[in-house]
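Coordinate inspection notes
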Amino acid sequence: MATVLLVRHGRTTANATGVLAGRTAGVALDRVGREQADRAAERIAPIPLAALVTSPLERCRQTARVLLARQQGSPDVRVERAITEADYGDWQGRKLADLAKEPLWRTVQANPSAVVFPGGESMQTMQSRAVAAIRRIDAEVEAQHGPTAVWVAVSHGDIVKSVLADALGMHLDLFQRIAVGPASVSVVRYGEHRPEVVATNTDSGDLSWLAAAPAPSGDAAVGGGAGHDGTGGGGGADGTGGGAGHDGTGSADGAVGSGQPGTAGP
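Residues numbered from 1 in each chain as written. Predicted model: local features only at pLDDT ≥ 70, side-chain atom pairs only at ≥ 80, totals over all residues. Heavy atoms only, no water.

Regarding helix H5 (residues 103-110)
Among the residues of H5, Trp 105, Val 108 and Gln 109 are the ones counted as buried. Down the axis of H5, the buried side of the element spans an arc of 95°, and every buried residue falls inside it. The exposed residues of H5 that point more than 90 degrees off its buried face are Pro 103, Arg 106 and Ala 110. In this fold, the buried residues of H5 make contact with helix H4 (96-99). (Buried < 20%, exposed > 50% of the residue type's maximum accessible area, 1.4 Å probe, protein only. Helix = DSSP H or I, 4+ residues; strand = E, 2+ residues; numbered from the N terminus. Arc of directions from axis to C-beta. Contact = heavy atoms within 4.5 Å.)

See the structure below:
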């Protein structure tokens, strides 16, 4: 089975100021976000990517360009509208601190499957279009490049969280339990029997073992199997995980767009 690396874009000016950017044009990575993207690119560089797919929004395209610049080969590159940010409608461009006072905010936290953003789309629609696109592209990559192929999808916090929730077999109402930090890398394989979530929300650690990993059988090994012999770990503690990063003052709420109100980032 092919392997997809789900990469969230690096931190943006909107993330850092607690604004829900949504699909607003021209929202770019800030200095921290560019450093985060470069760190992700360094981690992914040893892996010869078969394809690199990105949301059309500038912050994702910027992140994708940084990843591509570190690649030795020439992966297929495409823009995929189905993995673009959620349409937050009238919420777009507003401060997260103000949105947290809206009655709908509580539904976003506890029952996101019931949320339809005013003037925008539902969270169920967001998830269904993103999951369908990731699964479709994954099948195309494997058919063209074989079961050991690795590819990247650069997208947004809520999009990545919803794709991971589907792969984990979680109801959308539980997806706020998943953290996806700026420029984090999550690893998923779609097998014959079920998806396999290899890693989530990693922002440090070696990923080079993915370049030489044999094609998995798709069966879950009884007892857990031997795993891989790489030394790569999970998410780091360098302030890049969760929303726009964290300064020790974050709330327990899952911020829409996976942002973080208030001062954030390293």
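Brief notes about the pairing of strand E6 (residues 195-202)
As judged from the five bridges shared by strand E5 (residues 185-190) and E6, these two strands associate in the antiparallel manner. Paired with Tyr 190 across the strands is Pro 195, a residue of E6. (Pairing = 2+ DSSP bridges.)

A closer look at the nonpolar core
In this structure, Leu 6, Trp 91, Phe 117, Ile 134, Trp 151 and Val 256 are the most contacted members of the largest nonpolar core, which totals 42 residues. Listing elements by their share of this core, those giving two or more residues are strand E1 (3-8), strand E2 (51-54), H4, H5, helix H6 (123-145), strand E4 (150-155), helix H7 (157-167) and E5. The contacts of Phe 117, once residues within four sequence positions are left out, are Asp 87, Tyr 88, Trp 91, Leu 104, Val 108, Met 123 and Val 256. Counting residues in hydrophobic clusters, the runner-up holds 20 residues, among them Ala 64, Val 150, Ala 183 and Trp 209. (Core = buried A, V, L, I, M, F, W, Y, C linked by side-chain atoms within 4.5 Å.)

Here's the deal with the pattern of salt bridges
Summed over the entire model, instances satisfying the criterion amount to 14 salt bridges. Note that Asp 30 is salt-bridged to Arg 11, the shortest N-O span being 2.8 Å. Of this pair, Asp 30 sits in the loop between helix H1 (13-17) and helix H2 (31-44) while Arg 11 sits in the loop between E1 and H1; the two residues are 19 residues apart in sequence, bridging distant segments of the chain. Residue Asp 30 is classed as buried on the basis of its relative accessible area of 11%. Glu 140 serves as the salt-bridge partner of Arg 136, at 3.8 Å between the closest nitrogen and oxygen. In this pair, Arg 136 and Glu 140 are both assigned in helix H6, four residues apart and thus about one turn of the helix distant. Residue classification places Arg 136 among the partly exposed positions, given a relative accessible area of 37%. Residue Glu 140 is classed as partly exposed on the basis of its relative accessible area, which comes to 33%. When salt bridges with common partners are traced through the structure, they connect Arg 78, Glu 80, Arg 136 and Glu 140 into a single cluster. (Salt bridge = Lys/Arg side-chain N within 4 Å of Asp/Glu carboxyl O.)

Description of the sheet that holds E1
Strand order in the open sheet made by the six strands is E3-E2-E4-E1-E5-E6, with mixed pairing throughout. A single partner strand is all that each edge strand has here, and the edge strands are strand E3 (76-79) and E6. On average, adjacent strands in this sheet sit at an angle of 15° to one another, irrespective of strand direction. Judged from the six bridges that link them, E1 and E4 form a sheet pairing that is parallel. Residue Val 7 lies in a different strand from E4, and its bridge partner there is Val 154. (Axes fitted to C-alpha atoms, helices over the stretch in contact; angles between N-to-C directions.)

A few points about the packing of H6 against H7
In the contact formed by H6 and H7, the axes pass within 9 Å of each other and the chain directions differ by 70°. Considering their axes alone, H6 and H7 lie roughly perpendicular with respect to each other. Residues Met 123, Met 126, Gln 127, Arg 129, Ala 130, Val 131, Ile 134 and Arg 135 of H6 form the contact with H7, whose own contacting residues are Asp 158, Ile 159, Ser 162, Val 163, Ala 165 and Asp 166. Across the contact of H6 with H7, the residue classes tally to eight nonpolar, two polar and four charged. (Parallel < 35°, antiparallel > 145°, perpendicular 65-115°, else oblique. Nonpolar A, V, L, I, M, F, W, Y, C, P; charged D, E, K, R; others polar.)

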